[in-house]
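Notes for the structure review
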Amino acid sequence: MESLFAASYCDLRKLARSRLRASGPNTLLDTTSLVHESYLRLASTGTLHLKDRVHLLSYAGRAMRSVVVDVVRRRRAARNDGGARVTLSSEAGVGAIRGDEEILRVHQALDELEQYDQRMVQVVEMRYFAGMTEAEIAEALGVTERTVRRDWEKARLWLAQALS
């Protein structure tokens, strides 16, 4: 895992940078912190066996989601709302998520969606949080690109309804 992480470090930093870019100078996390915290979470499992870069990025997407949600929860628990916001954005995403409440609402919606279709949640995490392409997601999940597109569209519609 260490060698795969080292080889993918630049990709992970680009991924984290793109996820944090829209939040401006008042972000709670920086690129390095998000990548390193994600790595620590992946490494702490002890049972994670990664095959390749695509596999690592799919797990990294889930880990980054978890890191961001935990930061928001800690901040809410401390009742310290100093105006700093983490904004998750993706050109292909469901739209910019602004503010702590929306981050937690998306997280809860994904948890609900996971009860019905875990693969759709994986597609959202890989595309939205990990910035993977449809081809990379299809390879990681062992499905066709068309299936990934279909899952992405269904998940976007489901999330839009759940968040409205």
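Figured I'd write up the structure that's included with this text. Quick caveat: nothing in here was measured; it's all calculated off a predicted structure.

1. Considering the environment of Ser-38
Along the polypeptide, Ser-38 turns up in helix 2 (residues 31–44). Overall, the relative accessible area of 3% leaves Ser-38 in the buried class. Those residues in contact with Ser-38, other than ones at most four positions away along the chain, are Ala-63, Met-64 and Val-67. A distance of 2.8 Å separates a polar atom in the side chain of Ser-38 from the backbone oxygen of Leu-34.

2. Overview of the packing of helix 2 against helix 3 (residues 53–77)
The contact between helix 2 and helix 3 brings their axes to 9 Å, and the two run at 110 degrees. In terms of their interaxial angle, helix 2 and helix 3 are classed as roughly perpendicular. Residue-level contacts link Leu-34, Val-35, Glu-37, Ser-38, Arg-41 and Leu-42 of helix 2 to Leu-56, Tyr-59, Ala-60, Ala-63, Met-64, Ser-66, Val-67, Val-68 and Asp-70 of helix 3. Among the residues forming the contact of helix 2 with helix 3, the class breakdown is 10 nonpolar, two polar and three charged.

3. Structural notes on the nonpolar core
Leu-12, Leu-34, Val-124 and Met-132 are the most contacted members of the largest nonpolar core, which totals 44 residues. Where this core is concerned, the elements lending two or more residues are helix 1 (2–20), helix 2, helix 3, helix 4 (99–116), helix 5 (118–129), helix 6 (134–141) and helix 7 (145–163).

What counts, and where the lines are drawn
Residues numbered from 1 in each chain as written. Predicted model: local features only at pLDDT ≥ 70, side-chain atom pairs only at ≥ 80, totals over all residues. Heavy atoms only, no water. Helix = DSSP H or I, 4+ residues; strand = E, 2+ residues; numbered from the N terminus. Buried < 20%, exposed > 50% of the residue type's maximum accessible area, 1.4 Å probe, protein only. Contact = heavy atoms within 4.5 Å. Polar contact = N/O pair within 3.5 Å; in protein donor to acceptor, adjacent residues only side chain to side chain. Axes fitted to C-alpha atoms, helices over the stretch in contact; angles between N-to-C directions. Parallel < 35°, antiparallel > 145°, perpendicular 65-115°, else oblique. Nonpolar A, V, L, I, M, F, W, Y, C, P; charged D, E, K, R; others polar. Core = buried A, V, L, I, M, F, W, Y, C linked by side-chain atoms within 4.5 Å.

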